[in-house]
Amino acid sequence: MTNNSISKAIAVLEDLLGGLDQAYWEANSLDRKDFFYDLIGALHAELSELGKLSVQDHDLDYEPVTEEFRAVRPKLSRLRKLVDDFALRSTTAARLEHLINESMVLMGRNVT
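Anyway, here's the lowdown on the structure attached to this text. Bear in mind that the values here come from a model prediction, so they are computed numbers and not experimental data. (Residues numbered from 1 in each chain as written. Predicted model: local features only at pLDDT ≥ 70, side-chain atom pairs only at ≥ 80, totals over all residues. Heavy atoms only, no water.)

## A closer look at the side chain of Glu-26
So the rule is basically this: Put simply, DSSP marks the helices as runs of H or I at least four residues long and the strands as runs of E at least two long, and each gets a number from the N terminus on. Buried means the residue's accessible area, taken with a 1.4 Å probe over protein chains only, is under 20% of the maximum for its type, while exposed means over 50%, and partly exposed covers the values in between. Pairing of N or O atoms within 3.5 Å defines a polar contact, subject to two protein rules: one partner must be a possible hydrogen donor and the other a possible acceptor, and residues neighboring in sequence count only if both atoms are side-chain atoms.
Tracing the backbone through its elements, the reader meets Glu-26 in helix α1 (residues 6-26). Residue classification places Glu-26 among the buried positions, given a relative accessible area of 13%. Side chain to side chain, Glu-26 and Thr-92 meet in a polar contact 2.7 Å long.

## Here we look at the environment of Ala-9
Relative to the helices and strands, Ala-9 resides in helix α1. Sequence spacing of Ala-9 and Asp-61 is 52 residues, and the spatial spacing of their C-alpha atoms is 9.1 Å.

## A closer look at the environment of Gly-18
Structurally, Gly-18 can be placed in helix α1. Looking at Gly-18, the relative accessible area reads 29%, which means it is partly exposed. Note: C-alpha distance between Gly-18 and Arg-95 (77 residues apart in sequence) is 9.9 Å.

## Some thoughts on the packing of aromatic side chains
What counts is decided by this rule: Between 30 and 60 degrees the pair is tilted, below 30 it is stacked and above 60 it is edge-to-face, where a pair is any two Phe, Tyr or Trp rings, Trp via its six-membered ring, whose centres lie within 6.5 Å. Two thresholds decide whether a charge sits over a ring: the Lys NZ or Arg CZ must be within 6 Å of the ring centre and within 35 degrees of the ring normal.
If you walk through the whole model with that rule in mind, you get four aromatic pairs. Judged by centre distance (5.9 Å) and plane angle (85°), the rings of Phe-35 and Phe-36 are edge-to-face. Here Phe-36 and Phe-86 contribute two aromatic rings whose centre-to-centre distance is 6.4 Å and whose plane-to-plane angle is 85°, an arrangement assigned as edge-to-face. On the criterion of sequence distance, the pair formed by Phe-36 in helix α2 (residues 30-51) and Phe-86 in helix α5 (residues 83-86) is long-range, its members being 50 residues apart. Neither residue differs from the other here; Phe-36 and Phe-86 are each classed as buried. The side chain of Arg-32 reaches across the aromatic face of Phe-86, ending 4.1 Å from its centre. When the ring centre of Tyr-24 is taken as reference, the NZ or CZ atom of Lys-33 above it lies at 4.5 Å.

## Here's the deal with the environment of Asp-59
Relative to the elements of secondary structure, Asp-59 occurs in the loop between α2 and α3 (67-71). The class for Asp-59 is exposed, based on a relative accessible area of 59%. Here the alpha-carbon distance between Asp-59 and Tyr-24, two residues 35 residues apart in the chain, equals 32 Å.

## Observations concerning the packing of helix α4 (residues 73-81) against helix α6 (residues 90-106)
Filter applied, for reference: The axes used here are C-alpha line fits, helices contributing only the stretch in contact, and every angle between their N-to-C directions lies in the interval 0 to 180 degrees. For a crossing to be left-handed, the near helix must be turned anticlockwise from the far one by less than a right angle; the clockwise case is right-handed. We call two residues in contact when some of their heavy atoms are within 4.5 Å. Polar here means any residue outside two lists: the nonpolar Ala, Val, Leu, Ile, Met, Phe, Trp, Tyr, Cys and Pro, and the charged Asp, Glu, Lys and Arg; Gly therefore counts as polar.
Put simply, α4 and α6 touch, their axes get as near as 10 Å, and they point 145° apart. Crossing handedness for the pair α4 and α6: left-handed. Residues Arg-73, Leu-76, Ser-77, Leu-79 and Arg-80 of α4 form the contact with α6, whose participating residues are Ile-100, Asn-101, Ser-103 and Met-104. Of the residues that constitute the contact of α4 with α6, the class distribution is four nonpolar, three polar and two charged.

And the structure:
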């Protein structure tokens, strides 16, 4: 059984935020930038709420806090399937695929 603690969630979500930010700047169309911006905004909201928790709470089990983050789960799943089309650089695509898989495990979704 994996330990999906709040501290682990913060680390994974911060890494995912960095990967999405990189993909945002590499995107060559406004539609793609808008897609990434929506995900980035939801991650910022989630991390902001997690940042309000006491350090003593960081070993508790993680579950998504904000509605915005719960709402972008389908977009993350879509991005995982289309990562090679959405990320222009192969290093960015590989990084995003790994980070999305980690975040989906955090959210209780099986990675296939």
